[in-house]
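Spelled out from the first residue to the last, the chains are:
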Amino acid sequence: MTKARRNLTHAFLLSRTKGCKRKLAQPPAASTRALGPRLSSIIRTVVTKTVLKTKLQLLHTERLAKLAWLVHAFSTRRGGVSRPYGGNVLNLGFTKHDSRAAVERNRALFLKKLGVVKRGKAWPLVTLRQIHSDLIHHVESLPPHPLVGDGLITNTPGLLLAIRTADCLPVILVDKKNRAVGVFHAGWRGTVKRIVEKGVGEMQRYFDTDPRNVVAAIGPGVQDCCYQVGEEVRQKFEAQFGYAAELFREVKESDPVREKYPLLFLTARAPGHSEFPVSLFLDLVEANRRQLIDAGVPAKNIEASFPCTACHTDLLFSHRTEKGVTGRLMGVVGVRPK
Ligand SMILES: [Zn+2]
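Thresholds, definitions, all that
Residues numbered from 1 in each chain as written. Predicted model: local features only at pLDDT ≥ 70, side-chain atom pairs only at ≥ 80, totals over all residues. Pairing = 2+ DSSP bridges. Helix = DSSP H or I, 4+ residues; strand = E, 2+ residues; numbered from the N terminus. Buried ≥ 20, exposed ≤ 12 C-beta atoms within 10 Å, placed from the backbone. Expected span 1.5 Å × (residues − 1). pLDDT = per-residue confidence, 0-100. Contact = placed C-beta atoms within 7 Å.

Colleague: Tell me what's going on with the sheet that holds strand 17 (residues 248-252), and back it up with residues and numbers.
Modeller: Read from one edge to the other, the open sheet built from three strands follows the order 16-18-17, with strand pairing classed as antiparallel. Unpaired on one side and paired on the other, strand 16 (228-229) and strand 17 mark the two borders of the sheet. Relative to strand 18 (residues 278-282), strand 17 runs antiparallel, the two sharing five bridges. Following the sheet pairing, Glu 250 is matched in strand 18 by Leu 280.

This is the structure we're talking about:
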């Protein structure tokens, strides 16, 4: 590993472990347990920054980067020509604040950086009209109109499959043996609908994929430090997953006035009610990791050590933190032609 690379890995490690701006009122028991395997895989994740000239920065996993026949990346906001979201940023989605020309230019820069432009012609970029569903499409060429759904799979070389996100998780699946790939959009709705579990199933159906040969990369999205959800979300997970309780963390909301003058509030409280309201946080990364394991993907093949979008708006786009005024990241994967 070169010195520059080592420094970047180190910087990334710091940014991940320092975590979030949010102060926790109580230790996150379930999420600390979940961090164990993730922390160990941080070491294997490398932030590459090879185009210092344009400052366009992509995130890769080291394990997938080793596969010479594969192209994969998660974009960041760094580099690019879009102006509405602060500085020059790499917005890869056609958002209402940005111009079509800027997004098209950003996509061209992104494809060039990925090394999928040959003799001035880029690989076709297959995108979806994403609807938080469990619809997965098997593609063999660029569809004439964008398909509606949240998952794409292929074993056709020279096609780049893409998912756009700004807090939801982009998940890449790679069948090392049969050279097939998939990318999926997993917000809480898609996760409840088991999109990645179904993704493994669709790869089995079309490519005879053995899940034991699958390497998965759960890309940057909002993590349990920041992903506050309502009780209705917990109920939906509880209806679907036996392990749902392990995915949620409760945090008592502190109130300095109540803490200082508890007697003032004593009579107002009905017996048996909790002292303070409780906030609920969902660990979406762990939810998707569990689904992949249930689908037969070995735990050691799952990389999930990317920074939280909501904590790291210097590097990534976050719909939550930036209150909807933000760009879109892209998770992409493809098979190189021989
Ligand atoms: Zn966070």
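Colleague: Give a detailed account of helix 10 (residues 284-294), specifying residues and quantitative values.
Modeller: Owing to its 3.6 residues per turn, the α-helix aligns residues three or four sequence positions apart on the same side. For helix 10, a buried count of nine out of eleven residues is recorded, marking the element as mostly surrounded by other parts of the structure. Turning to helix 10, its buried residues are Leu 284, Val 285, Glu 286, Ala 287, Asn 288, Arg 289, Arg 290, Gln 291 and Leu 292. Taken from the residues just after helix 10, Gly 296 is the one with a positive phi, measuring 105 degrees.

Colleague: Account for helix 6 (residues 195-207), naming residues and giving values.
Modeller: Taking 1.5 Å as the rise per residue, helix 6 with 13 residues should run 18 Å; its terminal C-alpha atoms sit 18 Å apart, in good agreement. Among all positions of helix 6, only Ile 195, Val 196, Glu 197, Gly 199, Val 200 and Met 203 are buried.

Colleague: Lay out the confidence of the model for the protein chain in plain terms, naming residues and giving numbers.
Modeller: Here the protein chain shows a mean pLDDT of 85. Residues at 70 or above account for 79%. Every residue in residues 1-54 is under pLDDT 50, and counting partners more than four places away or in other chains gives 64 contacts.

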